[in-house]
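# Observations on the model geometry
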Amino acid sequence: MSVAVAFDKARADGRAALVGYLPAGFPTVAGATGAIRAMVEAGVDAVEVGLPYSDPVLDGPVIQRAAEIALRGGFRTRQLLSTVEEVAAAGVPVLVMTYWNPVERYGVDAFARDLAAAGGAGLITPDLIPDEAGDWLAAAEAHGLDRVFLVAPSSTDDRIAMTAHACRGFVYATSVMGVTGAREHTSAAAPALVERVRRATDLPVGVGLGVRDRAQAAAVGAYADGVIVGSALVRCLLDAADLAEGLAAVRDLTAELAAGVRAARR
Amino acid sequence: MTASAAGLLPDAAGHFGPYGGRFVPEALVAALDELDAAYRHALADEAFQAEFGRLLRDYAGTPSRLYDATRVSAEVGARILLKREDLNHTGAHKIRNVLGQALLTTHMGKPRVIAETGAGQHGVATATAAAMFGLECVVYMGEEDIRRQALNVTRMRLLGATVVPVSTGSRTLKDAINEALRDWVSNVDTTHYLLGTVAGPHPFPAMVRDFARGIGVEARQQCLALTGALPDAVCACVGGGSNAIGLFHAFIADETVALYGFEAGGDGVPTGRHAASITGGAVGVLHGNRTYVLQDEDGQTVESHSISAGLDYPGVGPEHAWLHDAGRARYEAVTDAEAMDAFRLLCRTEGIIPAIESAHALAGAVRLARSMPGATILVNLSGRGDKDVATAGTWFGIK
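None of these values were measured; they are calculated from a predicted model. (Residues numbered from 1 in each chain as written. Chains lettered and ligands numbered in written order. Predicted model: local features only at pLDDT ≥ 70, side-chain atom pairs only at ≥ 80, totals over all residues. Heavy atoms only, no water.)

Along chain B, the regular secondary structure elements total 17 helices and 15 strands. The globule rule puts the C-alpha radius of gyration for 399 residues at 21 Å, and the 19 Å found for chain B is close to it. Here chain B displays about 13000 Å² of accessible surface, and carbon together with sulfur accounts for 52% of that area. In chain B, 34 side chains carry a positive charge and 44 a negative one; their mean positions are 6 Å apart. (Helix = DSSP H or I, 4+ residues; strand = E, 2+ residues; numbered from the N terminus. Rg over C-alpha atoms; globule rule 2.2 N^0.38 Å. Areas by Shrake-Rupley, 256 points an atom, 1.4 Å probe, with all protein chains shown as cover. Lys, Arg positive; Asp, Glu negative; His and termini not counted. Charge placed at Lys NZ, Arg CZ, Asp CG, Glu CD.)

The following block contains the structure:
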């Protein structure tokens, strides 16, 4: 199921889609599955499942810490695929967000094949730009998967056009120059970036990096097609005394964010 | 090989065959393009080259000498020539690349530089150049390296740099690079990432090579002047590989000259506790380029191990990966114990205390001498060993 389904549905509702990120394997493989399901039940329109990686250079301390915990717990790539399979049954599109080396190590075509077989929608690739993505684009085409590349405030119009052209599903606009993590204020640069992406493509534009609460979700939802939340959700699990408390916090925050995208004035 | 020798590699997108390239967040692409343009302009700009040359000569003290190490030669049975990069200002080859990039930084109008450092040599060189150019300087360094290279931490702080301890992952060079990349993506408008080796995304591998290649250009001329011939082999240690590529590059077209890179074998490659990416790793992507990487079955980076902080890195520059595959250079591992034997040999025969990194190159030359008796072997003595006296004292049980 392409993630386009989630964007279409939200658009029909006259609002932005809410996309929630949580890493697989954190705090445990089963715990992650439960947390992602909780997120779906509480109202996300699409899910990003992170593949924990040893060297997450685009991530701030919260997601770094979660990845470290997952890897210390012995997390393996094949468990990502089983996680995708379990949460895909919950009924919303499931994308995988991953740094490139684990995919290359697995085998690009084999990974695409197994992700498609698990019911995954496609990949978001924070350190793979279309310039280096020949093998992935071929594999995604062969297995019918979405490929979501990132654009940034620093991207030139030419690069935005090239990147958007390579995307399927949506275009991921990073709202700030920086790493993942909740921020006090949403970015001033993001609306202009979204506008530049719109000039290049008819694909939906999702905005991520720094969104943490209802007001910010509403603010971003007013100009973007998708609001992407990661670190704030991961923090719910990191800060919780136990898994049950973590799941409750994930549910509460997701509900708040879902209300935010519905409250956006478009 | 002729392509590399003629300076045609990498291609315009930074590929050395299947290696190199750019595996980075899109947010960094504009800065890498800006850097690439500034570097290409500088290569052809006579004023830039004149200024770079003046700095190398008057400030760094190059060309470094080529020393006919007769006492160590008598011990090992081959003629050992030492390229004395340890005598450069700040005590290592690193100053060459740093001066080039610091000059570029001022041309790009950026007021701040950041750097990663393992042994501290690149951090010291960067702090030095930043002081001289009036740039703000932040150096990321793993906590483990801060502990074992305390002298260089103090040097950086004396020079006005901020040293930021990195406590994630293995708390060594790999993690310092991660932190530097995170800083860069957050502050790229004002900041140049002054990367210290021939790794990272394009254009770093080519640019750092070009700033360091004077090592080999000088050594080639000096060897001809001293011996009337080219050396039979040239040797360098390889972590990321900047001193090695700096030495090798001028010799690549000389088919009679064997090129040897010695990786850090730690406790021995079969033990798994080593930093020999080519000898004991597999092809993957790390820190912005495709190369040989120490990794597990899932592509997670494996922690490297070496007595030498400067070689303690689980990747290697992409041009080395290419030279290895092409068969033009040979890469072998040298264990901690072999390196420390060579360290002591140089101390006792020549009165030179080498960096432990450079002792790996000498240990490789000692091994090579057994199969090439009487040969002329040119060794890059890439750095001096003051920073390593505590480690060496512990190793040898000297209080």
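When helices and strands are tallied, chain A shows 12 helices and nine strands. Computed over the C-alpha atoms, the radius of gyration of chain A is 17 Å, within 12% of the 18 Å expected from 2.2 N^0.38 for a compact globule of 266 residues. When its C-alpha atoms are laid out on the principal axes, chain A stretches across 45 × 40 × 30 Å. Residues counted as buried form 61% of the 266 residues belonging to chain A. If you sum the accessible surface of chain A, you get close to 9400 Å²; carbon and sulfur atoms cover 51% of it. Distance from the positive charge centre (24 side chains) to the negative charge centre (31 side chains) of chain A: 3 Å. (Buried < 20%, exposed > 50% of the residue type's maximum accessible area, 1.4 Å probe, protein only.)

On to the sheet that holds strand E5 (residues 146–148) of chain A. Residue and element names in this part refer to chain A. If you walk across this open sheet you meet the nine strands as E5-E4-E3-E2-E1-E9-E8-E7-E6, and the pairing is parallel. Of all the strands in the sheet, just E5 and strand E6 (150–151) have a single pairing partner and so form its edges. By the bridge criterion, four bridges tie strand E1 (residues 17–23) to strand E9 (residues 226–229) in an arrangement that is parallel. Residue leucine 18 lies in a different strand from E9, and its bridge partner there is valine 227. Where helix H7 (residues 134–143) meets the sheet, it contacts strand E4 (122–124) and E5, and its direction lies at approximately 145° from that of E5. (Pairing = 2+ DSSP bridges. Contact = heavy atoms within 4.5 Å. Axes fitted to C-alpha atoms, helices over the stretch in contact; angles between N-to-C directions.)

Attention now goes to the interface of chain A and chain B. Each side of the interface is counted separately: chain A has 33 residues, and chain B has 32 residues. For the pair chain A and chain B, the two sides together bury roughly 2900 Å², of which 45% comes from carbon and sulfur. Among the residues chain A hides against chain B, the three largest losses belong to A:Val57, A:Arg105 and A:Glu132. Together they make up 22% of the total. Between the two partners, chain A and chain B, sit five salt bridges. We note a salt bridge from A:Asp55 to B:Lys174, for which the minimum N-O separation is 2.8 Å. Counting the contacts that link chain A with chain B gives 24 residue pairs in polar contact (both at pLDDT 80 or more). Going through the elements one at a time, helix H3 (61–72), helix H5 (100–106), E6 and helix H8 (157–166) of chain A are the ones with two or more residues in the side of chain A that touches chain B. Class assignment of the residues belonging to the side of chain A that touches chain B gives a composition of 17 nonpolar, eight polar and eight charged. (Buried area = accessible area lost by both parts, 1.4 Å probe. Salt bridge = Lys/Arg side-chain N within 4 Å of Asp/Glu carboxyl O. Polar contact = N/O pair within 3.5 Å; in protein donor to acceptor, adjacent residues only side chain to side chain. Nonpolar A, V, L, I, M, F, W, Y, C, P; charged D, E, K, R; others polar.)

This brings us to helix H16 (residues 356–371) of chain B. With 16 residues, H16(B) extends 24 Å between its outermost C-alpha atoms, agreeing within 8% with the 22 Å of an ideal straight helix rising 1.5 Å per residue. Most of H16(B) is tucked away, with 13 of its 16 residues classed as buried. (Expected span 1.5 Å × (residues − 1).)

Take the pattern of salt bridges next. According to the stated counting rule, one finds 45 salt bridges over all chains in the structure shown. The partner of A:Arg15 in a salt bridge is A:Asp13, with the nearest N and O atoms 3.4 Å apart. Measuring nitrogen to oxygen at the nearest pair gives 2.9 Å for the salt bridge that ties B:Glu218 to B:Arg96. Of this pair, B:Glu218 sits in helix H11 (residues 214–227) while B:Arg96 sits in helix H5 (residues 94–108), placing them 122 residues apart in sequence. Residue classification places B:Glu218 among the buried positions, given a relative accessible area of 12%. Each of A:Lys9, A:Asp13, A:Arg15 and A:Asp45 takes part in salt bridges that share partners, so that together they form one network.

Below, the discussion takes up the layout of surface pockets. Estimates place the volume of the largest pocket at around 550 Å³. A:Ser54, A:Glu68, A:Leu71, B:Gly169 and B:Thr301 are, among the 27 residues lining the largest pocket, the residues nearest its centre. Secondary structure elements with two or more residues in the lining of the largest pocket: H3 of chain A together with helix H9 (173–187) of chain B. If one sorts the elements of the lining of the largest pocket by residue count, H3(A) sits on top with five residues. Taken together, the residues of the lining of the largest pocket break down into six nonpolar, 10 polar and 11 charged. Space inside the second largest pocket adds up to approximately 320 Å³. Considering the residues around the second largest pocket, the lining is formed by 15 residues, among which B:Phe52, B:Leu56, B:Asp210, B:Arg213 and B:Gly214 are closest to the centre. (1 Å grid on protein atoms, 1.4 Å probe; cavity = no way out; pocket = protein on both sides within 12 Å on 5 of 7 lines; lining within 4 Å. Points joined across faces, edges and corners; volume = space filled by probe spheres on them.)

Attention now goes to the side chain of A:Thr125. Residues and elements named next belong to chain A. For threonine 125, the position within the fold is in the loop between E4 and H7. The class of threonine 125 is buried, set by a relative accessible area of 2%. Residues within four places of threonine 125 in sequence aside, it is in contact with Thr98, Trp100, Trp136, Val148, Phe149 and Leu150.

Our focus in this paragraph is the side chain of A:Asn101. When you line up the elements, A:Asn101 lands in helix H5. With a relative accessible area of 2%, A:Asn101 lands in the buried category. Polar contacts involving the side chain of A:Asn101 include one to the side chain of B:Gln295, which spans 2.9 Å. Those residues in contact with A:Asn101 that lie beyond four places of it in its chain are A:Tyr53, B:Gly284, B:Val285, B:Gln295 and B:Gly299.

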